[in-house]
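# Geometric and topological summary
Now for the letters of each chain:
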Amino acid sequence: MMKSTSDDRGVIQALLDRLNEQRLPRLLALQAKVDAGAPLADADLDFLRLVAEDAGRASGRCSNVTRSSRPWRPRSCNCSPTSAPRPGRTKA
């Protein structure tokens, strides 16, 4: 059974509300932190991973979004795919 357009609109509106009220303010605060030269804590990195995963899931709801075959990574990330801690990371 196909979902109705109304259901999709409700989900999209909820995702936009979460972005505007919760995610974007914290992302901007993290950007200011990094711009000031402060390292990101593990909790900050966990939040960024969560946002990236949610964005990937949400893009599946949009038929006109082109998906990349590569996993999303921040532009300045030198991360390896392992979960080993990197030097300079701080605890939350």
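Remember, predicted model here, so these are calculated numbers, not experimental data. (Residues numbered from 1 in each chain as written. Predicted model: local features only at pLDDT ≥ 70, side-chain atom pairs only at ≥ 80, totals over all residues. Heavy atoms only, no water.)

## A few points about the overall build of the chain
The cut-off we apply is this: Each helix is a run of H or I in the DSSP string that is no shorter than four residues. Each strand is a run of E no shorter than two, and both are numbered from the N terminus. When a residue's accessible area, from a 1.4 Å probe over protein chains only, is under 20% of the maximum for its type it is buried; when over 50% it is exposed; and in between it is partly exposed. We call two residues in contact when some of their heavy atoms are within 4.5 Å. The protein chains shown are the only cover counted for residues, whose accessible areas, like all others here, come from Shrake-Rupley with a 1.4 Å probe.
Across its full length, the chain holds two helices and zero strands. Expressed as a percentage of the 92 residues in the chain, the buried residues total 12%. Considering only residue pairs separated by 6 or more positions, the chain has 49% of its internal contacts joining residues 24 or more positions apart. Total accessible area on the chain stands at roughly 7,600 Å², and carbon and sulfur atoms take up 55% of it.

## Description of the nonpolar core
How we decide: By nonpolar core we mean a set of buried residues, namely Ala, Val, Leu, Ile, Met, Phe, Trp, Tyr and Cys, connected to one another through side-chain atoms within 4.5 Å.
Counting residues in hydrophobic clusters, the biggest one holds five residues: L30, L40, L45, F47 and V51. By residue number, the principal contributor to this core is helix α2 (residues 42-59), which donates three residues. With near-sequence residues (within four places) excluded, V51 lies in contact with R23 and L27.

## A closer look at α2
Cut-off, in case you're wondering: Under the convention used throughout, the expected extent of a helix is 1.5 Å for every residue step, that is, one less than its residue count.
Its 18 residues place the ends of α2 26 Å apart at the C-alpha level, agreeing with the 26 Å of an ideal helix rising 1.5 Å per residue. Here α2 has its buried residues at D42, D44, L45, F47, V51, D54 and S59. Among the structural elements, α1 (5-35) are those in contact with the buried residues of α2.

## Remarks on the environment of V11
Among the secondary structure elements, V11 is positioned in helix α1. For the pair formed by V11 and A58, sequence separation is 47 residues and the distance between their alpha carbons is 9.3 Å.

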